[in-house]
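Here are the chains, one letter per residue:
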Amino acid sequence: MCSSYFARKMAWKADIGRVRTVILSLLLTLGGPLFAVSPDYSNMGQVLAQNRMYLLFMDTCVVNLRGPSAQEDPKGMRAQFEGYYKAAIEHDFYANLWYLQGNYGKTYSELRLSQNALQDLYRRILENYIDETVILLEASAPIIVLTRDQSAKKLLELGFRDLESTRQIYLRGANTNPKMFLNQIMTYQDGILRARRGRRFAILALLEAKVPVPEKSKYQVVTLDDVKNMMEEGEKQTKYVEILNLLVNMTGRNLVPKVIASDVLGKMISLNTLEVHQDNYGRMYSDRRSVFQLITVTLRSDEFHKSDSMPRRNTDNRNEVPASDSDPIKPEGTTTQPQPQAITPVTPAPATDPGKK
C-alpha cells in the first residue's frame, strides 16, 4: 500500500513538471504578442498629456537662455534652440489632431517625432546648464578661499557635488538607447533640476562669503520677544524672496557682482546674477514672453495633410511636368532638382586628306 502511494505521488509530481514545462514554452514562444500593447484611446491620451508636460517644462528653460534673441541673431543659440522647440511643438500638435480623429497609429508616429526633437533640445539645454554652473562655482571659489568662511566652503562643496552628479546624469542619458526618447527626456530633466540646485548653492556660497559678519543672521542677537513676534506673525516670505532681496541689496552695494563673466571653457559666458536666481527656481524672466505661447499662436493645420496630397504630375501634364514631381506636393520653400539630360554621342566626321580635292 505504501509503495502504491509513493508511486502515485511520484506520477503526480511528474505531471506537474510537464505542465510547468508546457506553460513555460508557451510563454517563451508567445511572449511578444501576449505582452504587446497597441496604441488606443487611453494610453495615447496619457502619453500625449505626459509629452505636453515635458514641453511646458522646457518653456522656461528656452525663454531664460542667455544671449541675443532670435530676431537679433538668427543664427545664435536662442534661435537654434527655439527651432528645436518649434519642431517638437508642431509634431505634438499634429499628434493631437490625429488623436481627435481616432487614428492612433499616426498619433504615435507624430508623437515619436515630437519626442525625438524634444530629447535633442533637453540634451542641449542640459549642456548649457552644466557650462553655466561651472562658471558660477569657479567665480565663487577664489573669494571663499581668501575669506576662509567655513559655511561658504560647505555650500560650495555641495554645489560641486551637484555639478558632478549632473555630469553623470548627462552621461547616463547620452548612453541610453537612442530610440528610447522618453527615457532620455526624463533623465535630462533630472539633470536640469540637479544643475539648478547646484547653481543655488553657488549663489548662496557667494552671498555667505561676501556678506559682512555683523550682518549675518547667525551673529544677530535675538531676544525672546523677537521669537514670540515671529511665531505670531508667521512666515511672511519664501526662501526665493528672501534670497532675492539679499541679492538686490548686495549687488546695489557692489559687494556681489551684477554680472559674472568668464571664458575658462573656451567661450565667453556672461551671466546676470539676478536672472540666474530667477531661473534656479523655475521662474521666467519678467521682460520676456513665453516661447510656447508664441509658437502655439502661429500653428496652422495647412501642412497637416501635405504628405497625403495629390502629386503635381498627372496624365494630362506628364509631358510638361518633370517626373520628379510625381511625389506628393512638397512644403513651400523646397525646390525640385532638375533631371540630368541624356548625352547623345556624336560621331566625329572622317578626316579629309588636304592633298585630295
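Look above for the structure.
Summarised in this report is the structure supplied together with it. (Residues numbered from 1 in each chain as written. Predicted model: local features only at pLDDT ≥ 70, side-chain atom pairs only at ≥ 80, totals over all residues. Heavy atoms only, no water.)

### Concerning the overall build of the protein chain
Consideration 1: Helices and strands together make up the secondary structure of the protein chain, namely eleven helices and two strands.
Consideration 2: Its helices and strands in sequence order give the protein chain the pattern α-α-α-α-α-α-α-α-α-β-β-α-α, from N to C terminus.
Consideration 3: Taking all 357 residues of the protein chain together, the buried fraction comes to 34%.
Consideration 4: Expressed as a percentage of contacts within the protein chain between residues at least 6 apart in sequence, the contacts between residues at least 24 apart total 71%.
Consideration 5: When the accessible surface of the protein chain is summed, it comes to about 23200 Å², and 57% of that surface belongs to carbon and sulfur atoms. (Helix = DSSP H or I, 4+ residues; strand = E, 2+ residues; numbered from the N terminus. Buried < 20%, exposed > 50% of the residue type's maximum accessible area, 1.4 Å probe, protein only. Contact = heavy atoms within 4.5 Å. Areas by Shrake-Rupley, 256 points an atom, 1.4 Å probe, with all protein chains shown as cover.)

### Topic: helix α10 (residues 273–280)
Consideration 1: Most of α10 is tucked away: six of the eight residues are buried.
Consideration 2: Taken together, the buried positions of α10 are Thr273, Val276, His277, Gln278, Asp279 and Asn280.
Consideration 3: At the N-terminal end of α10, a side-chain oxygen is found 3.0 Å from the backbone nitrogen of Leu274, two or three residues along, and the residue is Asn272.
Consideration 4: Looking one or two residues past α10, Gly282 carries a phi angle of roughly 70°, positive in sign. (Polar contact = N/O pair within 3.5 Å; in protein donor to acceptor, adjacent residues only side chain to side chain.)

### Some details on helix α6 (residues 150–174)
Consideration 1: Taking 1.5 Å of rise per residue, 25 residues should cover 36 Å, and α6 covers 36 Å from first to last C-alpha, within 8% of that figure.
Consideration 2: Along α6, the residues that are buried comprise Ala152, Leu155, Leu156, Gly159, Asp162, Leu163, Ser165, Thr166, Ile169, Tyr170 and Gly173.
Consideration 3: Packing partners of the buried residues in α6 comprise α5 (104–147) and α7 (181–210). (Expected span 1.5 Å × (residues − 1).)

### Quick notes on the layout of surface pockets
To find leftover empty space, one rolls a probe the size of a water molecule over the atoms.
Consideration 1: Space inside the second largest pocket adds up to approximately 360 Å³.
Consideration 2: Ala70, Gln71, Glu82, Val291 and Leu294 are, among the 16 residues lining the second largest pocket, the residues nearest its centre.
Consideration 3: Every element with two or more residues in the lining of the second largest pocket is listed here: α4 (77–101) and α11 (291–297).
Consideration 4: Its residues assigned to classes, the lining of the second largest pocket shows six nonpolar, four polar and six charged. (1 Å grid on protein atoms, 1.4 Å probe; cavity = no way out; pocket = protein on both sides within 12 Å on 5 of 7 lines; lining within 4 Å. Points joined across faces, edges and corners; volume = space filled by probe spheres on them. Nonpolar A, V, L, I, M, F, W, Y, C, P; charged D, E, K, R; others polar.)

### Brief notes about the pattern of salt bridges
Consideration 1: Summed over all chains, the structure comprises 13 salt bridges.
Consideration 2: Close ionic contact of Glu132 with Arg199 constitutes a salt bridge, the shortest N to O distance being 2.5 Å. Linking Glu132 in helix α5 with Arg199 in helix α7, this pair joins segments that are 67 residues apart in sequence.
Consideration 3: For Glu132, a relative accessible area of 7% gives the class buried.
Consideration 4: The class of Arg199 is buried, set by a relative accessible area of 1%.
Consideration 5: Residues joined in a network through salt bridges with shared partners are Arg66, Glu132, Arg196, Arg199 and Asp279. (Salt bridge = Lys/Arg side-chain N within 4 Å of Asp/Glu carboxyl O.)

### Digging into the packing of α7 against helix α9 (residues 239–252)
Consideration 1: The interhelical angle for the contact between α7 and α9, taken along N-to-C directions, is 50°, at an axis separation of 11 Å. It follows from the interaxial angle that α7 and α9 lie oblique. The crossing of α7 and α9 is left-handed. Only Ile243, Leu246, Leu247 and Met250 of α9 make contact with α7, whose side of the interface consists of Ile203, Leu204, Leu207 and Lys210.
Consideration 2: Here the contact of α7 with α9 is built from residues that sort into seven nonpolar, no polar and one charged. (Axes fitted to C-alpha atoms, helices over the stretch in contact; angles between N-to-C directions. Parallel < 35°, antiparallel > 145°, perpendicular 65-115°, else oblique. Left-handed = near helix turned anticlockwise from the far one by under 90°.)

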